[in-house]
Amino acid sequence: MEKLQNVVRNYKDTVFRMLFSDKKRLLELYNALNGTSYDNPDELKITTFDNAVYMSFKNDISFIFQSFITLYEHQSTFSPNMPLRDLIYISRQYEKYIVDESIYSSKTVTIPTPKFVVFYNGLKDKHEEMTLSLSDSYEVKVDNPDLELKVRMININPGYNGKLMETCRTLDEYCKYVESVRKHAEVMAIEEAVECAVKECIKENILADFLKGQRAEVVAMSIFEYDEETELKKLRASERKYAEERTIVIQVCKKLKTNYTIPQIADALEVTEEEVEKIYRAAEKYAPEYDVKEICREFFGCYVDED
């Protein structure tokens, strides 16, 4: 178990990436998504960056095929920033692609046409399919922005995109494996849950050859991914809690400036007098200005901006 834990701590890959790094499975997924029937996986050129070199630009799978460069990403936690991430990543890909070309020449430098796809199987309810746009991140919204990047996000949770799952057996079985891990993790430690999921899927002929052949790596990656997903949820919960507490501190300070009493503040903000009293003790030395930044520094141990 100690050896496995060391592998888990050092592992940075994903089951999705390992599964679809196989060209035959990757072509199966490509055909299912695009309604094509190509049959020569050797025509695919996988261009995914090595994590050791491009850690800041990590992507699950990128490849060139039929003059398209396609980026596939799997996500168990929704992120609206995928277009921005893909913009950075595709820029690096093009930079590598044209290394022997001159972009200052009079001849047009041709580049593969990009496609961006995210396969989402998080627990947060999402539509069957949606488009994420880079322009959604712009501070100033304009019609027809000069720079746009669109990402196709496909929900691969049970009950969604049945035709795609039927056409791409590997993707369907991958989703079933993930669901098995989640089901067992509800009632046992993640290490046990992954082992049970692997045994269950092999017995039911779900990714059986893959799981048998690379069992140790899959177990290690699954534990790492699940732990990472859990930590992200904890982080977001902590961020929400901090944001709520920060808002209360700012509101309390504003009311202290207008000479509200502690009971009045508690009643107005619908919090307990004990909560207000705790903030007041940190704030009283800054009366009568009640400098919010200084009070938050004392209360939270860091500066925050007053909204």
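Read on for an overview of the structure. (Residues numbered from 1 in each chain as written. Predicted model: local features only at pLDDT ≥ 70, side-chain atom pairs only at ≥ 80, totals over all residues. Heavy atoms only, no water.)

Here we come to the pattern of salt bridges. Counting across every chain of the model gives 9 salt bridges. One salt bridge connects Glu200 with Lys183, and the closest N-O pair in it is separated by 3.2 Å. On the criterion of sequence distance, the pair formed by Glu200 in helix α7 (residues 190-203) and Lys183 in helix α6 (residues 169-185) is long-range, its members being 17 residues apart. Judged by relative accessible area, Glu200 falls into the partly exposed class, the value being 22%. What makes Lys183 partly exposed here is its relative accessible area of 44%. (Salt bridge = Lys/Arg side-chain N within 4 Å of Asp/Glu carboxyl O. Helix = DSSP H or I, 4+ residues; strand = E, 2+ residues; numbered from the N terminus. Buried < 20%, exposed > 50% of the residue type's maximum accessible area, 1.4 Å probe, protein only.)

With that settled, consider the packing of aromatic side chains. Counting across every chain of the model gives 9 aromatic pairs. Taking 5.7 Å as the distance between ring centres and 40 degrees as the angle between the ring planes, the aromatic pair formed by Phe16 and Phe119 counts as tilted. Of this pair, Phe16 sits in helix α2 (residues 15-20) while Phe119 sits in strand β4 (residues 113-120); the two residues are 103 residues apart in sequence, bridging distant segments of the chain. The same class applies to Phe16 and to Phe119, which are both buried. Look at Tyr72 and Phe119: their rings are 5.3 Å apart centre to centre, the planes differ by 85 degrees, and that puts the pair in the edge-to-face class. Of this pair, Tyr72 sits in strand β3 (residues 68-75) while Phe119 is found in strand β4, placing the two residues 47 residues apart along the sequence. Both residues of the pair, Tyr72 and Phe119, count as buried. Through successive ring pairs, a cluster of aromatic residues spans Phe16, Phe20, Tyr30, Tyr38, Phe63, Phe65, Tyr72, Phe119 and Tyr174. For the cation-ring pair, Lys255 lies above Tyr260, with the distance from its terminal atom to the ring centre recorded as 4.7 Å. (Phe/Tyr/Trp six-rings, centres within 6.5 Å; stacked < 30°, edge-to-face > 60°. Lys NZ or Arg CZ within 6 Å of the ring centre and 35° of its normal.)

Turning our eyes to something else, we now look at the packing of helix α10 (residues 262-269) against helix α11 (residues 273-283). Two elements in contact, α10 and α11, have axes separated by 9 Å at closest approach and are oriented at 120 degrees. The pairing of α10 with α11 is recorded here as oblique in orientation. Handedness of the crossing formed by α10 with α11: right-handed. Between α10 and α11, the contacting residues are Ile262, Pro263, Ile265 and Ala266 on the first element and Glu273, Val276, Glu277 and Tyr280 on the second. Here the residues of the contact of α10 with α11 sort into 6 nonpolar, no polar and 2 charged. (Axes fitted to C-alpha atoms, helices over the stretch in contact; angles between N-to-C directions. Parallel < 35°, antiparallel > 145°, perpendicular 65-115°, else oblique. Left-handed = near helix turned anticlockwise from the far one by under 90°. Contact = heavy atoms within 4.5 Å. Nonpolar A, V, L, I, M, F, W, Y, C, P; charged D, E, K, R; others polar.)

Attention now moves to the packing of α6 against α7. Relative orientation of the contacting elements α6 and α7 amounts to 135 degrees, with a least axis distance of 8 Å. Comparing the axis directions of α6 and α7 gives the class oblique. In this structure, the crossing between α6 and α7 has a hand that is right-handed. In this structure, α6 contributes Tyr177, Ser180, Val181, Lys183, His184 and Ala185 to the contact, and α7 contributes Ile190, Ala193, Val194, Cys196, Ala197, Val198, Glu200 and Cys201. Its residues assigned to classes, the contact of α6 with α7 shows 10 nonpolar, 2 polar and 2 charged.

This paragraph deals with unusual backbone geometry. A cis amide bond links Ala287 to the next residue, Pro288, at an omega of 0 degrees. Within the secondary structure, Pro288 is located in the loop between α11 and α12 (292-300). Even without being glycine, Leu207 reaches a positive phi, approximately 50 degrees. Turning to its location among the elements, Leu207 is positioned in the loop between α7 and α8 (208-213). Leu207 gets classed as buried once you look at its relative accessible area, which sits at 6%. Not every positive phi belongs to a glycine, and Glu270 is a case in point at roughly 55 degrees. Relative to the helices and strands, Glu270 is located in the loop between α10 and α11. Residue class for Glu270 comes out exposed when judged on its relative accessible area of 74%.

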